[in-house]
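The lines below spell out each chain.
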Amino acid sequence: MAQTIRIALAGNPNSGKTSVFNNLTGSRQHVGNWPGVTVEKKEGRFFYDEVEVTVVDLPGTYGLTAYSLDERIAREFLLHETPDLVVAVIDSSNLERNLYLVAQFLELGLNLVLDLNMMDILEARGVSINTEALSSILGIPVVKTVANKGIGIDALRKAIVETATEQQKEITFKIDYDRDIEAEIETLSELLKDKKLSKPYPLRWLVVKLLEGDPEVLDQVKTWPQGKEIQQRVLESRIKLERHMGYDLETAIVERRYGFLDGLVRECSKKKLGIKERLDVSDRIDSVVLNKVLGIPIFLALIWLTFQLVFALGNPIADWIDALFGWLGGAVSAGIATIGGPVWLSSLVSDGIISGVGSVLVFLPNIMLLFLVIAILEDSGYMARAAFVMDRFMHALGLHGKSFIPLLIGFGCNIPGIMATRTLESRKDRILTILVNPLMSCSARLPIYILFAGAFFSKHQGLVLFSLYLTGMVLAILIARLFKTIFFKEEVAPLIMELPPYRMPQLKGVFIHMWERGSLFLRKAGTIIVAGVMAIWLLASLPIGVEYASQESLIGKLGSLFAPLLEPAGFGFWQAAVALIFGILAKEIVVGTLGTLYGVGQEGLRVALLQYFTPVSAYAFMLMCLIYIPCIPAIATIKRETNWRWTGLAVGYTLLLGWIVAVIFFQLASAFV
Ligand code: GDP
Ligand code: MG
């Protein structure tokens, strides 16, 4: 059996109702006059899913206050003929103004489908609408159409039939008219609650209309038994509110509705900027970001901010991971004990692997966050500016500006940084940039800083990190300058750098970039770091019978051999020497070694460090870790990109420089502190 429903198309004049109507109904339509008046009445039909739908094309209307004949017809029909469903056809290119009518329909409690017509115009302007958001806020289905081209009409048919045949949902839509007005609405609602309302009016709508002073509604109320009394009450409310606000109530109500719609449109629409607008915006941003005076401070401020963020968000997560590994170590050694496993195995697994790898992995959140911010800066187009800004600086010091990109990459990892020098044209620039790349503090060194800064400078962690990165950069520039005058003497070519317009980084792209780099850290933790900490554990346990990680162990002896060399830098004890030696495998192992030698857990590790280091020697140690010897994979890469001579220089100068800087710092700072 075929179901039949009756719907009406309503909307502002020229919103495309008739076009929608013609498309919906095709040839099944006829034209007559509205009863009693000579205004054209169009009616038509369509079938969808066995449902016969009669469509009435209403005259255009701006509101539901009956000012003109057209409006009166529309209102009359909507209020008294109660169609099963109303399709609000709106001109999306004038969204806010058109939604005003829709808001009124909703307040009236009509069963609605919203048709965002003229989407083509909106899209041509680069505006997109989030229909799901709009639909969920308004609580009605939303369909996009381009009626004059017949686009979206089928989806509209479907929405119409589905909505009309479903049970009508509870109306959740409500505009908040602010406290004072809402208070009056509430009192009046209370008063009118028991009155027999003429059928189609929802109570709230009626009250709002009365407050607005809608003449027709007022007339109707007058005919009620206590009509006079109610009118008097309404008048009192109006006077009270108007005195309160200082202007008339109707304006106030209209304003609130527009206020709501303004918010709604902001929430649900997004303007994509065209290339020209983007360039304009970029220019404006660049006039600040690339400013001669402000450029470098802004760059530094951004890096500083980055580190603040890395700590503020990363540390709490790091604590969880730390707790997890602490628990894991205990559980595993207990497990091995219960199955009667040997003590050495339990020690290898919990003291060695879990403790060592755990002490490195706790930095995963910080590192991921750092990469996240770097990815955002890259994808937004800021990194290209950073290179540009730093170029002035580097130029002054004799290095090509383009070299800054490989150096920037070096902050993530020196290996891709070194490989990125292939983009540089001149051999001199390539070699200089490769040589100083290890001074760019890569992420593997971050755990060391975080550990030590957390233990000794807990109030100024961000600042300490910032100072270390900065030291690396300044040293890189100085060394490049020095090597240039020693090994190369030609001039630097002038730089032209293209600056792409800024763009909004896309979530997906940013996360992919973050993951690409961050997963490298994870892989390293799973391979070279595990191997490193196992070797350290073994050396710390041998010869058999020795106390684990004591000075009599092999590792203690090895460390003791080198420790005196580190004495002038303030950390002349064997554990530090061992950490530095094994750190050459991968810099994370510095922390891994300390974790293996000093014990489980961040807290335990910090306490142990406090016994060995002072703030001054801790900072000297961080400087040493920053500068001394690139890790083995980086050394291999330098060899691949250059030759043994340059590789030897890179290893030699970093070791010497690291030691010199750490010693100078320690001696000077000790003299002053
Ligand atoms: P009505 O006054 O609401 O019945 O609107 P009409 O259907 O008469 O349409 C008004 C004008 O807008 C006509 O010239 C239509 O061709 C045009 N129009 C209707 N829908 C669209 C649309 O989706 N996109 C564009 N660009 N024009 C439309
Ligand atoms: Mg029309």
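Here the structure, examined in full by the defined rule, presents 18 aromatic pairs. Geometrically, the ring pair formed by phenylalanine 573 and phenylalanine 613 is edge-to-face, given 5.1 Å between the ring centres and 80 degrees between the ring planes. Taken together, the residues span a long stretch of sequence, with phenylalanine 573 in the loop between helix H24 (554–566) and helix H25 (574–583) and phenylalanine 613 in the loop between helix H27 (602–612) and helix H28 (615–627) at a distance of 40 residues. Assessed through its relative accessible area of 15%, phenylalanine 573 is described here as buried. For phenylalanine 613, a relative accessible area of 4% translates into the label buried.

In this section: the packing of helix H9 (residues 215–222) against helix H10 (residues 227–245). Contact pair H9 / H10: the axes reach a minimum separation of 7 Å and the direction vectors enclose 140 degrees. The pairing of H9 with H10 is recorded here as oblique in orientation. Across from Leu218, Val221 and Lys222 in H9, the residues of H10 making contact are Gly227, Lys228, Ile230 and Gln231. A class-by-class count of the residues in the contact of H9 with H10 yields 3 nonpolar, 2 polar and 2 charged.

Around ligand 1 lies a shell of 15 residues, among which Asn14, Lys17, Thr18, Ser19 and Asp120 are the nearest. One of the side-chain N or O atoms of threonine 18 is found 2.7 Å from an oxygen atom in ligand 1. In the environment of ligand 1, an oxygen atom lies 3.1 Å from a nitrogen or oxygen atom belonging to the side chain of asparagine 117. In isolation ligand 1 has 580 Å² of accessible area, and contact with the protein removes 70% of it. Secondary-structure elements contributing two or more residues to the shell around ligand 1 are helix H1 (17–25) and helix H4 (119–124). When residues in the shell around ligand 1 are grouped by element, the largest group, 3 residues, is from H1.

A word on the domain arrangement of the protein chain. The domain boundaries assigned to the protein chain delineate domain 1 (3–165), domain 2 (179–268) and domain 3 (297–490 + 507–672). Averaged C-alpha coordinates put domain 1 and domain 2 at centres separated by 26 Å. At the interface, 26 residues of domain 1 touch 18 residues of domain 2. Approximately 2,000 Å² of surface area, both sides summed, lies buried where domain 1 meets domain 2, with 61% of it carried by carbon and sulfur atoms. In terms of surface lost to domain 2, no three residues of domain 1 exceed Glu96, Tyr100 and Glu107, which account for 32% of the buried area on that side. One salt bridge connects arginine 257 with glutamate 107, and the closest N-O pair in it is separated by 3.0 Å. Counting the contacts that link domain 1 with domain 2 gives 4 residue pairs in polar contact (both at pLDDT 80 or more). Among the elements of the structure, helix H2 (69–80), helix H3 (95–107), strand S7 (127–129) and helix H5 (131–138) are those that each provide at least two residues to the side of domain 1 that touches domain 2.

On the basis of which strands lie adjacent, the open sheet formed by 7 strands has the order S2-S3-S4-S1-S5-S6-S8 and mixed pairing. Looking at which strands have only one partner, the edges of the open sheet turn out to be strand S2 (29–33) and strand S8 (142–144). Neighbour-to-neighbour, the strand axes of this sheet turn through a mean angle of 25 degrees, independent of strand direction. Summarising the sheet, S2 and strand S3 (residues 40–48) pair through 5 bridges and their orientation is antiparallel. Looking across to S3, one finds that glycine 32 is bridged to lysine 41. Packing of helix H6 (residues 153–165) onto the sheet brings it into contact with strand S1 (3–10), S3, strand S4 (51–57), strand S5 (85–91), strand S6 (112–117) and S8, and relative to S3 it is tilted by some 85 degrees.

The side chains of a regular strand alternate between both faces of the sheet. When you tally the buried positions in S4, you get 7 out of 7 residues, the bulk of the element. Burial of S4 is two-sided: the residues Val51, Val53, Val55 and Asp57 facing one way and the residues Glu52, Thr54 and Val56 facing the other way are all buried. Examined bridge by bridge, S3 and S4 share 7 bridges and lie antiparallel to one another. Its bridge partner being in S4, lysine 42 is matched across the sheet by aspartate 57.

Cut-offs applied
- Residues numbered from 1 in each chain as written.
- Chains lettered and ligands numbered in written order.
- Predicted model: local features only at pLDDT ≥ 70, side-chain atom pairs only at ≥ 80, totals over all residues.
- Heavy atoms only, no water.
- Phe/Tyr/Trp six-rings, centres within 6.5 Å; stacked < 30°, edge-to-face > 60°.
- Helix = DSSP H or I, 4+ residues; strand = E, 2+ residues; numbered from the N terminus.
- Buried < 20%, exposed > 50% of the residue type's maximum accessible area, 1.4 Å probe, protein only.
- Axes fitted to C-alpha atoms, helices over the stretch in contact; angles between N-to-C directions.
- Parallel < 35°, antiparallel > 145°, perpendicular 65-115°, else oblique.
- Contact = heavy atoms within 4.5 Å.
- Nonpolar A, V, L, I, M, F, W, Y, C, P; charged D, E, K, R; others polar.
- Near = heavy atom within 4 Å.
- Polar contact = N/O pair within 3.5 Å; in protein donor to acceptor, adjacent residues only side chain to side chain.
- Areas by Shrake-Rupley, 256 points an atom, 1.4 Å probe, with all protein chains shown as cover.
- Domains from an automatic or database assignment.
- Buried area = accessible area lost by both parts, 1.4 Å probe.
- Salt bridge = Lys/Arg side-chain N within 4 Å of Asp/Glu carboxyl O.
- Pairing = 2+ DSSP bridges.

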